[in-house]
Every structure is written in C-alpha cells, then in structure tokens.
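Here is what each chain is made of, one letter per residue.
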Amino acid sequence: MVRARSEERRTDILRATLEVIAERGYRGATLGSVAERVGLTQQGLLHYFPTKEALLVAVLEERDRWDTSGGRDPEGWRLDLLESLVEYNAMRPGIVQTFSALLGESVTDEHPARAFFTERYAQVRGNMARVLRLEFGERLPGGLTPERAAPLLTAVMDGLQYQWLLDPAAVDMPTAFRDFLWLLYGGGGRGPDPGTTGGTG
C-alpha cells in the first residue's frame, strides 16, 4: 500500500514537471516550482528525486514510454510513423528543450544523465536499423546497410531539434525531415517530393 502511494506520488510529480516545463521551459522547471505544483516542500520532493537532473531524466524516460505506447512500439515503427513523431515533437517545445539541454550536458564525464543517453542511443540505433530494414531490405537506395544508415537517421532527427529550438522561424522541422526521407529514397520511389512539401524555412 505504501509502495503504491509512493509510485502514485512519483507519477504526480512527473506530470507536474511536464506541465511546468510546458509553461516555463527547461530553465523554469525548478525543483521549487515543481514542489509547489504538487503540494510538497522542496525537501519533500528530494525524497522522490534527489536532484533536478534525476527528475528530468525520469521525465524523459516517461516521455519515451508514452511515445512507445498506444501502438507506437519502436519494434513496429515505420518511416511514416517517424515523420509523425517529428511533427508531434514540434508541438511540445518544452520537452524537446529539456531533452536537448540534458543531452548536451550529458557528454561530460560523470554527468548523471550520461548512462541514460548512452543506453538510449544504443536502443534507438537498433530501432532505426529495424525501421530501415523493414522499408528497404538489406540495402538502402544509396547502398548503405540499415546498420550504417541508422546513426545518420538518428542524427538528423536530433540535430533538427537543436536547429529548430535555436531558430524555429528558419527551420521547419517536419518539412526538413520529409526532405531527408526523400534523400533516403534516392530522390524518388515512395519518398515525398520536396517540390510538393516545400523546403525548410
């Protein structure tokens, strides 16, 4: 019973954190603002999440669970579903900002989010290779194997997020991703024609 209440409290804190991030952005999501939202003192919040980084990593883990629920299991992803995910991310800049800020910080040694991102990218590269193999078989139109193309696909998705966060008026993230898919298809086939989808900016 105590464990169930504790898990329920953690869920409430994660939801509150998402709300604060959506309203105030990554920097505005302080431990104090989250604690106030759920009716805790900051010390009480630290009982569940010992640092802000631990709280934000838990939020990202929860985001990944939501993104892969409701029929979005990564093992069943297709390229068109990835396009939908990019469009969805364009509607939640606060979460994308949190992900990108923590990712940038995590490359330093001993950062508390480093293990999370290292493991996550290993999983994502595997998922992307499956997506590409499902669509193209053992070779993409340009000749790369799915395993060699997977890090590139992952880099485009996350790199676009950085460019979009810095200058959303100049970078249309969903359109730019559709343009990249057109390149993956070798400029033809089933890929979207950039002449009909528009360019970035």
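First, a word on scope: everything that follows refers to the structure included in this document. Since the model is a prediction, treat every value here as computed from it, not as a measurement. (Residues numbered from 1 in each chain as written. Predicted model: local features only at pLDDT ≥ 70, side-chain atom pairs only at ≥ 80, totals over all residues. Heavy atoms only, no water.)

### Considering the overall build of the chain
(1) Moving on: Helix and strand counts for the chain come out as ten helices and zero strands.
(2) Moving on: Along the chain, from the amino end to the carboxyl end, the secondary structure elements read α-α-α-α-α-α-α-α-α-α.
(3) Moving on: The 201 residues of the chain split such that 42% are buried.
(4) Moving on: Across the chain, every contact between residues at least 6 apart in sequence was considered, and the portion connecting residues at least 24 apart equals 60%.
(5) Moving on: A total of about 10,800 Å² of accessible surface is found on the chain, and carbon and sulfur atoms cover 53% of it. (Helix = DSSP H or I, 4+ residues; strand = E, 2+ residues; numbered from the N terminus. Buried < 20%, exposed > 50% of the residue type's maximum accessible area, 1.4 Å probe, protein only. Contact = heavy atoms within 4.5 Å. Areas by Shrake-Rupley, 256 points an atom, 1.4 Å probe, with all protein chains shown as cover.)

### A word on the packing of aromatic side chains
(1) Moving on: Counted under the stated rule, the structure contains four aromatic pairs.
(2) Moving on: Taken together, a centroid distance of 5.4 Å and an interplanar angle of 75° make the contact between F99 and F117 edge-to-face. Separated by 18 residues along the polypeptide, F99 in helix α6 (residues 93–106) and F117 in helix α7 (residues 114–136) bring together distant segments of the chain.
(3) Moving on: The exposure class of F99 is buried, given its relative accessible area of 1%.
(4) Moving on: Assessed through its relative accessible area of 2%, F117 is described here as buried.
(5) Moving on: Members of the aromatic cluster, connected to one another through ring pairs, are F99, F116 and F117. (Phe/Tyr/Trp six-rings, centres within 6.5 Å; stacked < 30°, edge-to-face > 60°.)

### Thoughts on the side chain of S33
(1) Moving on: Locating S33 in the fold gives a position in helix α2 (residues 31–38).
(2) Moving on: Here S33 falls in the buried class, since its relative accessible area comes to 6%.
(3) Moving on: Within polar-contact distance, the side chain of S33 engages the backbone oxygen of T30 at 2.8 Å.
(4) Moving on: Residues in contact with S33, not counting those within four places in the same chain, are V20, R24 and G28. (Polar contact = N/O pair within 3.5 Å; in protein donor to acceptor, adjacent residues only side chain to side chain.)

### A short note on the packing of α7 against helix α8 (residues 146–166)
(1) Moving on: Packing of α7 against α8 brings their axes to within 8 Å, and their N-to-C directions diverge by 115°. Judged by the angle between their axes, α7 and α8 are roughly perpendicular. Crossing of α7 over α8 shows right-handed handedness. Facing Y121, V124, R125, M128, A129, L132 and R133 of α7, the residues of α8 in contact are P146, E147, A149, A150, P151, L153, T154, M157 and D158. (Axes fitted to C-alpha atoms, helices over the stretch in contact; angles between N-to-C directions. Parallel < 35°, antiparallel > 145°, perpendicular 65-115°, else oblique. Left-handed = near helix turned anticlockwise from the far one by under 90°.)

### Quick look at helix α5 (residues 79–89)
Side chains three or four residues apart in an α-helix point the same way, a direct result of the helix having 3.6 residues per turn.
(1) Moving on: Regarding α5, the residues found buried are L79, L82, E83, L85, V86 and N89. Each buried residue of α5 lies within a common arc of 160° when the element is viewed along its axis, so the set occupies one face. (Arc of directions from axis to C-beta.)

### Regarding helix α9 (residues 173–184)
(1) Moving on: End to end, α9 covers 17 Å across twelve residues, agreeing with the expected 16 Å (1.5 Å per residue, within 8%).
(2) Moving on: Of all twelve residues making up α9, ten are buried, and the element is well covered by its neighbours.
(3) Moving on: Listed as buried for α9 are M173, P174, T175, A176, F177, R178, D179, F180, L181 and L184.
(4) Moving on: One or two positions beyond α9, positive phi appears at G186, with a value near 75°. (Expected span 1.5 Å × (residues − 1).)

### Some points on the pattern of salt bridges
(1) Moving on: Summed over the entire model, instances satisfying the criterion amount to eight salt bridges.
(2) Moving on: Across the salt bridge formed by R37 and E23, the nearest N and O atoms sit 2.7 Å from each other. Residue R37 is located in helix α2, and its partner E23 is located in helix α1 (residues 2–28); the two are separated by 14 residues in the primary sequence.
(3) Moving on: Among the residues examined, R37 registers a relative accessible area of 31% and is labelled partly exposed.
(4) Moving on: Of the residues examined, E23 reaches a relative accessible area of 54% and is grouped as exposed.
(5) Moving on: Across the pair D109 and R114 runs a salt bridge, and its minimum N-O distance is 3.8 Å.
(6) Moving on: Of the residues examined, D109 reaches a relative accessible area of 63% and is grouped as exposed.
(7) Moving on: Under the relative-accessibility criterion, R114 is labelled partly exposed at 34%.
(8) Moving on: A single salt-bridge network, built from bridges that share partners, covers E19, E23 and R37. (Salt bridge = Lys/Arg side-chain N within 4 Å of Asp/Glu carboxyl O.)

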